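In case you want the letters, here they are:
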Amino acid sequence: MTGVAAAMRRTLLSCTSLARDGMLGLAISALLPARAAFAAEAPFAQAISDHFGFNHQEVAVLATSLALVGFSVVAAILLMRTRVRATRNEERLRSDIVDLQAQSDRLRALLFAEPQVLISWAAGDNRPQISGDISLVMSQEGSPQRILAFGTWLPPEPALQIDHAVDALRDKGEAFLLNLSTSAGRAVEAMGRAIGGQAIVRIRELGGLRRELAESNLRYKTLQEESELLRDFAAAAPWPIWGKSVEGNLRYANAAYVHATEGKSVADAIQRNLELLETDQRTELTRALNDNASYAARLPIVVSGERRIYDIQALKLGSGSAGIAIDASEAAALRAAMTRMVEAHRRTLDQLSSGVAVFDADRRLAFYNESYRRLWGLDEAFLDGNPDDSSILDRLRANRKLPEQPDFRAWKAKLHEAYRAVESETYTWFLPDGRAVSVVTTPNLEGGITYLFDNVTESLDLARRFDGLTRVQRETLDNLAEAVAVFGSNGRAQLFNPAFGKMWKLSSDALHGEPHIEAVEALCKPLYDDALTWRALRESVTSIENRAQVALKLERKDGSVLDCMTIPLPDGATLLTFQDITDTENIERALRERNEALEAADQMKVDFVHHVSYELRAPLTTIIGFAHFLSDPSTGPLTPKQAEYLDYVTKSTNALLALTNNILDLATIDAGAMRLELGPVNIGQAIEAAAEGIQDRLATDRIALKVNVEPGTGGFVGDERRVVQVLYNLLANAVGFSPHDSTVTISAQQTEHSVVFAVTDSGPGIPPEMKDKVFNWFESHSHGSRHRGAGLGLSLVRSFVELHGGQVRVDSTVGKGTTVTCDFPTAHRNAAE
């Protein structure tokens with residue numbers, strides 16, 4: 001029991017110490033094991049149970065209660081001591097706060113004794129705390145709402161510099177010190193530091209000695225930086241740069257100069273005083289620098305064995321001179337190429353029919369072509385003086401070459417808005433002299449504008465005439481009896497007239513919307529459904545190659561007949577026409593049937609004449625034979641009256657036989673059975689043979705025959721008997737129409753390709769209306785002459801001449817006579833074929 005009590009005592013002392021130090025939780029944790037130990041001490045617990053009459057559990061509860069009571073007493077004591085200590089600490093803290101506040105006021109008064117602004121950012125906080133004279137960082141407009149937008153009170157470059165410095169301070173803690181000038185011209189100092197986990201930026205105005213010192217430091221630093229920058233630039237520049245003393249010795253050279261002068265190093269070039277320019281070039285440069293402070297020229301220089309063009313710039317300095325050589329070879333080549341290109345463009349523009357005038361940014365004429373000068377009739381000297389735009393317009397107005405305007409000044413101002421425009425504008429000027437000019441104003445990238453003038457008088461006139469022609473064509477198509485439709489290259493109907501819909505009984509709605517040829521075919525099939533015909537029409541409309549005209553005849557179900565034609569158009573379209581030829585077809589059929597009937601009747605006539613001629617020829621031959629037999633003295637004497645009658649019989653039978661032979665010849669020729677017996681024909685002998693047959697008629701009618709055959713006229717190939725028959729018929733016809741005591745002339749001449757016979761009489765002539773009928777069968781007209789006949793002579797003449805491949809012409813004047821000319825070709829071809 002003594003050990004348990006000692007343990008309890010030690011436990012209570014530990015709890016008291018923990019509670020005094022403010023560790024109540026640990027004190028409670030220490031009491032719990034003590035309670036368990038007290039309850040677990042069996043002799044002690046047994047003694048208590050025996051002394052007070054408690055059981056073992058009751059003893060454990062009692063032990064726990066005693067432990068809690070002890071702890072409560074200890075906790076109460078410690079709580080009182082803690083309150084006393086907290087009161088003392090609070091009084092001490094209030095006293096420290098008062099001291100800190102006073103110290104803060106002294107520091108703030110000291111800190112803001114001069115104009116400055118403090119800006120601080122706590123770690124991880126993007127919201128700044130600002131204090132101080134805010135007017136120092138106000139914008140020019142006086143708005144302090146965005147003092148952290150440095151660009152509102154600093155120029156662009158310093159604002160960007162302080163922005164980068166603040167970002168580096170907040171991100172990496174890098175301090176900075178900058179001397180800046182505000183947009184208002186005030187000098188300020190910006191310093192940034194990282195203090196106590198905060199980024200602090202102080203901005204204060206510099207004044208007095210400090211400002212002068214800052215400015216001088218800034219200038220020195222700037223000069224130093226500029227000097228280093230210029231030195232580095234000169235050393236790295238690709239152009240030769242050099243400096244010389246007053247005496248003309250080389251004092252400085254960069255690497256490009258050393259390379260150009262083929263030196264080993266800068267020191268070597270300076271030591272050897274290597275020269276870039278030639279002697280005469282250096283002399284000219286020295287003379288120019290002595291006369292002036294600078295020298296500029298474009299000179300040829302040999303560098304690394306290659307001759308190139310350099311722009312030399314040299315300055316006269318207090319301690320000598322400095323120069324730079326810039327390679328201008330490419331620029332010179334480009335300038336030359338540009339000059340050639342500009343000249344080529346000028347020549348090209350001078351060949352244009354459009355007038356071109358280019359005005360620069362100062363509104364002065366920089367370029368014009370010949371078409372521009374001719375269009376406006378302006379003097380070349382005036383244009384070469386680079387007049388301004390307004391002066392040219394004023395001169396054109398004075399010459400009445402501009403559109404009449406009620407307010408010319410406002411019109412000109414609107415035209416000159418093109419100098420401020422970004423897109424082209426197009427106008428049409430109608431001039432007082434009746435011309436129409438299209439004007440296009442195009443802004444130039446480098447400033448100014450370009451005018452393009454085109455005389456569109458003829459174009460507008462053509463457009464008006466074209467529109468009128470289009471309307472006329474439209475009206476013409478609409479009033480045509482033929483059905484017309486135009487299908488495009490895509491197979492769709494682009495144009496059709498009312499007759500098309502009427503002919504195929506289609507409504508205007510059915511043809512609306514450019515239907516395809518297949519749709520049109522479907523609409524027309526109720527009247528005509530021949531698949532092959534429609535296929536041919538589709539192929540003609542939609543084919544790309546082998547486009548040709550197609551002619552078709554359509555016999556529709558309603559009995560009408562249409563003549564269809566497809567015509568390819570130049571633009572790829574196809575014109576489709578339908579013409580109702582029902583009446584024409586019916587008339588043609590009737591005429592064809594009548595012609596066939598006439599041909600059959602004519603053939604019957606020819607057959608009849610041929611048959612009758614053959615039938616007449618046999619008895620005529622018998623009669624002629626017996627007449628000759630009777631006239632022969634061997635048969636016995638005849639009385640004068642019998643001899644006279646026999647002579648009449650002989651003449652009549654001879655005439656009837658000649659007529660029968662002529663009819664047979666014509667029938668044979670008409671039947672195509674006539675064949676010529678070709679051979680050499682002597683022209684003189686043929687004329688004599690033909691003249692011999694009409695000697696008795698010449699003597700009876702007292703008519704003289706004159707024969708004219710040119711010398712050198714030989715012969716030709718032909719049927720001699722038929723040629724004689726032709727000449728005989730011509731002479732007989734001429735004698736029959738000639739009056740008594742007249743002359744009939746027959747002539748012959750040979751040309752390169754033919755032999756020409758001509759028979760001329762002095763008869764009554766042939767009226768004009770009868771010329772086309774004299775060669776018809778049985779056409780015989782006496783015209784007041786003695787001629788009587790069946791009218792077959794000239795028909796035979798034309799038939800025989802044409803069989804030889806020749807031609808017959810009749811030249812006649814009423815009252816003066818007639819000339820019949822026959823051309824027989826020298827190189828014969830059988831025309832009977």
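Residues numbered from 1 in each chain as written. Predicted model: local features only at pLDDT ≥ 70, side-chain atom pairs only at ≥ 80, totals over all residues. Heavy atoms only, no water.

1. Structural notes on helix 9 (residues 279-291)
The end-to-end C-alpha distance of helix 9 is 18 Å, a good match for the 18 Å that 13 residues give at a rise of 1.5 Å each. Three or more residues of helix 9 are buried, namely Gln281, Leu285, Ala288 and Leu289. Buried positions in helix 9, seen along its axis, are confined to an arc of 100° and lie on one side of it. Away from its buried face by more than 90 degrees, helix 9 exposes Thr279, Asp280, Asn290 and Asp291. Looking at the packing, one finds that the buried side of helix 9 touches strand 8 (294-303), strand 9 (306-317) and strand 10 (320-327). (Helix = DSSP H or I, 4+ residues; strand = E, 2+ residues; numbered from the N terminus. Expected span 1.5 Å × (residues − 1). Buried < 20%, exposed > 50% of the residue type's maximum accessible area, 1.4 Å probe, protein only. Arc of directions from axis to C-beta. Contact = heavy atoms within 4.5 Å.)

2. A few points about a positive patch on the surface
On the surface, a cluster of positive charge is made up of Arg81, Arg85, Arg88 and Arg92. Among the structural elements, arginine 88 can be located in helix 4 (residues 56-111). Look at arginine 88 and you get exposed, because its relative accessible area is 55%. (Patch = residues over 30% accessible without salt bridge, like charges linked within 9 Å, V, L, I, M, F, W, Y side chains within 5 Å. Areas by Shrake-Rupley, 256 points an atom, 1.4 Å probe, with all protein chains shown as cover. Salt bridge = Lys/Arg side-chain N within 4 Å of Asp/Glu carboxyl O. Lys, Arg positive; Asp, Glu negative; His and termini not counted. Charge placed at Lys NZ, Arg CZ, Asp CG, Glu CD.)

3. What to know about the confidence of the model for the chain
Averaged over every residue, the pLDDT of the chain is 77; the share at 70 or more is 77%. Across the chain, the secondary-structure element scoring lowest on mean pLDDT is helix 2 (residues 24-40), at 48, and the one scoring highest is strand 14 (residues 436-443), at 92. Throughout residues 18-28 the model reports pLDDT below 50, and contacts reaching past four residues in sequence, or to other chains, amount to 13 contacts. In this model, residues 140-147 is a region of pLDDT below 50 whose contacts with residues beyond four sequence positions or in other chains number 11 contacts. (pLDDT = per-residue confidence, 0-100.)

4. Comments concerning the pairing of strand 4 (residues 187-195)
In terms of strand pairing, strand 3 (residues 176-181) meets strand 4 through six bridges, oriented antiparallel. Across the sheet, asparagine 179 pairs through a bridge with glutamate 189, a residue of strand 4. As defined by bridge partners, strand 4 adjoins strand 5 (residues 198-205) across eight bridges and the pair is classed as antiparallel. Within the sheet, the bridge partner assigned to alanine 194 lies in strand 5 and is alanine 199. Here strand 4 hands over to strand 5 after two residues, with glycine 196 in that stretch at a positive phi of 55°. (Pairing = 2+ DSSP bridges.)

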